[in-house]
Each structure stands twice: as structure tokens, then as C-alpha cells.
Amino acid sequence: MGRRWRDGHGELVVHGGGGEASVRVPLEIAASYRARTRGLLGRDSLDGAILLSPANSVHTFRMRMAIDVAYLDRHLRVVAVRTMRPGRLGLPRLRARHVVEAEAGAMGGWGVREGARVDVVVARSQAHDAGAG
């Protein structure tokens, strides 16, 4: 169930549990090495979230803001959520295949927590699914 995306934009859909409605969040997709390396460096804010894929760890060196980090497994289930201040190195997550970053405090409001399931919705022209992974 491997997934591959192209650099671009889409939406992060956070599925609510217990009858809660799903939340849709604007999403930047950083799938190329260059885009993943650049990430949020040099930014003062972010409208929505950014997906780094593939990724299983992040750092906040040279960042200007604190961020929430959600580690996703290959089924897009959240395995961990952490808030990181600038200048930190996050530990790699063994089962993580993708990472979502947002401004600190945003993910709690969206319902992103350990065990939650999310989907990534992209324009058909940007989507590129791969085989098993």
C-alpha cells in the first residue's frame, strides 16, 4: 500500500472519531528530495499543513516557529504527534513513512492525535499512486 505523491497542493482530511465530522485542511505536498529538504525553513507561518513523503523524522534547525509534527504509517494512521521548538532534532519513528507539519497548536484543533486516520486528497493531475510498499 505504498503511496507516492508529486510536489504540489491538496487537502489533508482528518477523519473524526465517534461520529465527529471530518476536517479538511489546505496541504502542501513535498515529495521530491529538494522540496522535503526545504520544508518550512525560512517561513514565519503556514496556511494549513505540509506533507513530507517519504519521511520518518524531522528537525527544526533554522526554523522561525514552533511546529506540530504528526508521524504517519503506510496506512496514513497517526503513530505519534509532537510539538517541536526551533533548533530541535526529532527522533526517527520506526513505523513512520510520512510526516505532516503544521504551526504549533494547529493539529489539536483538527483532531490529529495518535491513532487518528487521515487521507491526502490531491488533484488528479498531481496524484501518482505506486504499488505495494
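Not measured: the values here are computed from a predicted model.

Draft legend 1. Local environment of the pairing of strand β6 (residues 78-84). Strand direction decides the pairing type here: strand β5 (residues 67-72) and β6, joined by six bridges, are antiparallel. Paired with Asp-68 across the strands is Thr-83, a residue of β6. Hairpin geometry of β5 and β6 is characterised by an intervening segment of five residues between the two adjacent antiparallel strands and by a positive phi of about 65° at Leu-76.

Draft legend 2. The pattern of salt bridges, seen in detail. Applying the stated rule across the entire model yields four salt bridges. For Glu-28, the salt bridge goes to Arg-43, with nearest N and O atoms at 2.8 Å. You can see Glu-28 sitting in strand β3 (residues 23-30) and its partner Arg-43 sitting in the loop between α1 (33-38) and β4 (49-52), a full 15 residues away along the chain. For Arg-64, the salt bridge goes to Asp-44, with nearest N and O atoms at 3.3 Å. Note that Arg-64 is positioned in the loop between β4 and β5 and Asp-44 in the loop between α1 and β4, a separation of 20 residues in sequence. Judged by relative accessible area, Arg-64 falls into the exposed class, the value being 55%. Owing to a relative accessible area of 58%, Asp-44 belongs among the exposed residues under this scheme.

Draft legend 3. Molecular detail of the sheet that holds strand β7 (residues 98-103). Strands sit in the order β6-β5-β7-β4-β3-β2-β8 across an open sheet of seven strands; the sheet is mixed. Each of the sheet's edge strands pairs with one partner strand only, and the pair in question is β6 and β8 (118-122). Each strand of the sheet is rotated relative to its neighbour by a mean of 30°, with strand direction disregarded. Direction of pairing for strand β2 (residues 8-14) relative to β3: antiparallel, over a ladder of seven bridges. In the sheet register, Glu-11 faces β3, and the bridge partner there is Pro-26.

Analysis parameters
- Residues numbered from 1 in each chain as written.
- Predicted model: local features only at pLDDT ≥ 70, side-chain atom pairs only at ≥ 80, totals over all residues.
- Heavy atoms only, no water.
- Pairing = 2+ DSSP bridges.
- Helix = DSSP H or I, 4+ residues; strand = E, 2+ residues; numbered from the N terminus.
- Salt bridge = Lys/Arg side-chain N within 4 Å of Asp/Glu carboxyl O.
- Buried < 20%, exposed > 50% of the residue type's maximum accessible area, 1.4 Å probe, protein only.
- Axes fitted to C-alpha atoms, helices over the stretch in contact; angles between N-to-C directions.

Read these as layout, nothing more, since geometry by itself doesn't imply function.
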